[in-house]
Amino acid sequence: MDAFFASIEQRDEPAYRGRPLIVGSPPDRRGVVCAASYEARKFGVRSAMPSRTAGKLCPDGIYVRPRMEVYRTESRAIMEILREVSSTIEKVSVDEAYLDLGEHRPESSPDDALRAAAAPARALKQRIFAERGLTASIGVAGNKFLAKLGSDFQKPDGLTVIPESGKVAFLRPLSVAAIHGVGPVTARLLAAHDLLTIGDLQDTKLDLQRLVGSFAARLKMLAVGEDDRPVDPSDERKSISSETTFAEDTDHRPTLRAALKELADDVAHTLEKEAVGALTIQVKVRYSDFRTLTRQLRLEEPLTERAEIYRLACYLLARDRLVTGPLRLLGIGVSTLVGPSPQLRFAL
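Now for a quick tour of the structure. (Residues numbered from 1 in each chain as written. Predicted model: local features only at pLDDT ≥ 70, side-chain atom pairs only at ≥ 80, totals over all residues. Heavy atoms only, no water.)

Along helix α11 (residues 216–223), the residues that are buried comprise Ala216, Leu219, Leu222 and Ala223. Buried residues of α11, viewed axially, fall in a sector of 125 degrees; they line one side. Buried positions along α11 lie against α6 (144–153), α7 (167–171), α8 (184–191), α9 (198–203) and α10 (208–212). A positive phi of about 80 degrees marks glycine 225, the residue just after α11. (Buried < 20%, exposed > 50% of the residue type's maximum accessible area, 1.4 Å probe, protein only. Helix = DSSP H or I, 4+ residues; strand = E, 2+ residues; numbered from the N terminus. Arc of directions from axis to C-beta. Contact = heavy atoms within 4.5 Å.)

Enumeration according to the criterion identifies 27 salt bridges in this entry. Salt-bridge contacts for glutamate 80 lead to arginine 83; the nearest nitrogen and oxygen are separated by 3.2 Å. You can see glutamate 80 and its partner arginine 83 sitting in helix α4 (residues 68–85), 3 residues apart, about one turn around the helix. What makes glutamate 80 partly exposed here is its relative accessible area of 45%. Of the charged contacts in the structure, one is a salt bridge between glutamate 96 and lysine 148, with a shortest N-O distance of 2.9 Å. Remark: lysine 148 occurs in helix α6 and glutamate 96 occurs in strand β5 (residues 96–99); sequence separation between them is 52 residues. Put simply, Glu9, Arg11, Asp12, Arg67, Glu74 and Arg132 are held in one network by salt bridges that share partners. (Salt bridge = Lys/Arg side-chain N within 4 Å of Asp/Glu carboxyl O.)

Another point: the packing of aromatic side chains. Going through the model one piece at a time under the given rule, you end up with 3 aromatic pairs. Geometrically, the ring pair formed by phenylalanine 5 and tyrosine 71 is stacked, given 4.3 Å between the ring centres and 10 degrees between the ring planes. Of the two residues, phenylalanine 5 sits in helix α1 (residues 4–12) while tyrosine 71 sits in helix α4, which places them 66 residues apart along the sequence. By the burial criterion, phenylalanine 5 is buried, and tyrosine 71 matches it. Put simply, the rings of Phe4, Phe5 and Tyr71 pair up and form one aromatic cluster. Between arginine 41 and the ring centre of tyrosine 38, over which it is positioned, the NZ or CZ distance is 4.6 Å. Over the ring of tyrosine 98 we find lysine 144; its NZ or CZ atom is 5.0 Å from the centre of that ring. (Phe/Tyr/Trp six-rings, centres within 6.5 Å; stacked < 30°, edge-to-face > 60°. Lys NZ or Arg CZ within 6 Å of the ring centre and 35° of its normal.)

Another point: the pairing of strand β1 (residues 21–24). What you see with β1 is no split at all: Leu21 and Val23 on one side and Ile22 and Gly24 on the other are buried throughout. Inspection of the sheet shows β1 paired to strand β3 (residues 62–64) by 3 bridges, in the parallel sense. Bridge pairing in β3 places valine 23 opposite valine 64. Sheet topology note: the β1/strand β2 (residues 33–36) ladder contains 3 bridges and is antiparallel. Across the sheet, valine 23 pairs through a bridge with alanine 35, a residue of β2. (Pairing = 2+ DSSP bridges.)

Interpretation note: all reported values are geometric properties and have no functional meaning in isolation.
What follows is the structure, encoded as structure tokens:
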């Protein structure tokens, strides 16, 4: 779905349409951006950004509070439409899913099969708009990696078909950061060896295993558009977390900040290793009396970087005044795991 939270708000309130809309706290309060309309994104506003920063970038932005139950209800309605198109559907977040359209493949070449699958994809977009008043972007390809890239390629309201015969050429100009599992750390490591685009990876004679270890084989596969992950219809909930129990209960702020940075680093490292991002972040505290509290925040774009995880964890602790006395335990967790949004920028 395109700018899902913001698009729902613009659909439900005509006065918001065509204007920079930001779902989240207003800029005069401590808070973050949960989602931004495409009009707001033109000013550089993005999910997880401090609302104060968004206010400076987009002073005429309209701020609305998130209505998560409305978004979840809308998601259920859209997923029901998807299930009428395919019996094999993998829901990866409130506004994103993979569908296996194998039943639409003719007995012909892979490229002909993809062209045939484009017809129900186009009809699906039209039906979602007619029934729900929202636009979707779809990628049609022979595997999940390419389909995800295609769905982000012509947003909003896009439909991109990536033929098997043209997938290597399609990938060549894209940044290495568009590949599942290439986070900021890996991207910097590859850039240090002049591997900036996927084409560079396709052509390199370097021993990638020396650079990225066991990820090398999968990196080379993805660089040529090969991905063997099936569409998984199981609805398994997954999460990543890290927590620490202090030797002595403490409310010493430097100690808590240092612990929080280590926890954020640990979570970010696992996210990169698993080649996923997270749409939900949670903090957990346990006090001297063993009372335990958790607080969470839901975003529209996936978190992957340590600095953002740390900053949002600090925000949650401060927003709900969780450090009111010595802490026995401190933790960070992330959930609603999805593929990180690919950066489809071309090399200069």
